[in-house]
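The primary structure of each chain is shown beneath.
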Amino acid sequence: MILLDTRELDHPVPLEMAVSAFKKLHADEVIHMIHRREPIPLFEIITKNGGRYLSVMEDEALWHIYITRSSTLHLEHEYV
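Residues numbered from 1 in each chain as written. Predicted model: local features only at pLDDT ≥ 70, side-chain atom pairs only at ≥ 80, totals over all residues. Heavy atoms only, no water.

J.: Just give me the short version of helix α2 (residues 40-48), but keep the residues and values in it.
T.: By the burial criterion, the buried members of α2 are L42, F43 and I46. The arc enclosing the buried residues of α2, seen along the axis, measures out at 100 degrees, which places them on a common side. Seen from the open side of α2, the exposed residues pointing more than 90 degrees away from its buried face are P41 and K48. G50 sits one or two positions beyond α2 and adopts a positive phi of about 80 degrees. (Buried < 20%, exposed > 50% of the residue type's maximum accessible area, 1.4 Å probe, protein only. Helix = DSSP H or I, 4+ residues; strand = E, 2+ residues; numbered from the N terminus. Arc of directions from axis to C-beta.)

What follows is the structure in structure tokens.
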């Protein structure tokens with residue numbers, strides 16, 4: 001798992017970090033991004049490029065986003 005803790009970073013750095021990590025992601029890997037917001041623009045990029053994601057709100061200012069290229073990995077079962 002690749003961990004990206006972007007809670008303290010300002011836009012567009014979290015988006016750039018996530019897109020860069022996604023480009024290098026192997027099919028069986030998962031990115032775990034910790035963010036203070038739900039990064040909707042990132043989701044559009046991920047889905048347009050054949051990826052999948054799961055976004056989980058822990059509280060109002062803490063989100064856990066899981067990103068993969070795998071079509072068989074069940075994010076909901078593994079990370080919720």
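J.: So what's going on with helix α1 (residues 13-24)? Residues and values would help.
T.: Along its 12 residues, α1 runs 17 Å from first to last C-alpha, staying within 8% of the 16 Å computed at 1.5 Å per residue. The complete set of buried residues in α1 reads P14, A18, V19, A21 and F22. Projected onto a plane normal to the axis of α1, the buried residues spread over an arc of 165 degrees and lie on a single side. Those residues of α1 that are exposed and angled more than 90 degrees off the buried face are K23 and K24. The secondary structure elements touched by the buried residues of α1 are β1 (2-5), β2 (30-35), α2 and β4 (62-68). (Expected span 1.5 Å × (residues − 1). Contact = heavy atoms within 4.5 Å.)

J.: Please provide a residue-by-residue account of unusual backbone geometry, values included.
T.: The peptide bond linking H11 to P12 adopts the cis configuration, its omega dihedral lying at 10 degrees. Looking at where P12 falls in the secondary structure, it is placed in the loop between β1 and α1.

J.: Could you give an account of the pattern of salt bridges, with specific residues and numbers?
T.: In this structure the tally under the stated criterion is two salt bridges. Two residues, D5 and R7, come together in a salt bridge whose shortest N-O distance is 2.5 Å. (Salt bridge = Lys/Arg side-chain N within 4 Å of Asp/Glu carboxyl O.)

J.: I'd like a rundown of the sheet that holds β4, residues and numbers included.
T.: Strand order in the open sheet formed by four strands is β1-β2-β4-β3, and the pairing between neighbours is mixed. Pairing within the sheet leaves two strands with one partner each, and these edge strands are β1 and β3 (52-59). The average undirected angle you get between the axes of adjacent strands in this sheet is 15 degrees. Here seven bridges tie β3 to β4, and the two strands are oriented antiparallel to one another. (Pairing = 2+ DSSP bridges. Axes fitted to C-alpha atoms, helices over the stretch in contact; angles between N-to-C directions.)

J.: Which residues make up the pairing of β1, and what values do they have?
T.: The sheet contact formed by β1 and β2 spans four bridges and is parallel. If you follow L4 over to β2, its bridge partner there is M33. Assessed by its sense of winding, the connection that carries the chain from β1 through α1 to β2 is right-handed. (Right-handed = clockwise from strand over helix to strand, strands pointing away.)

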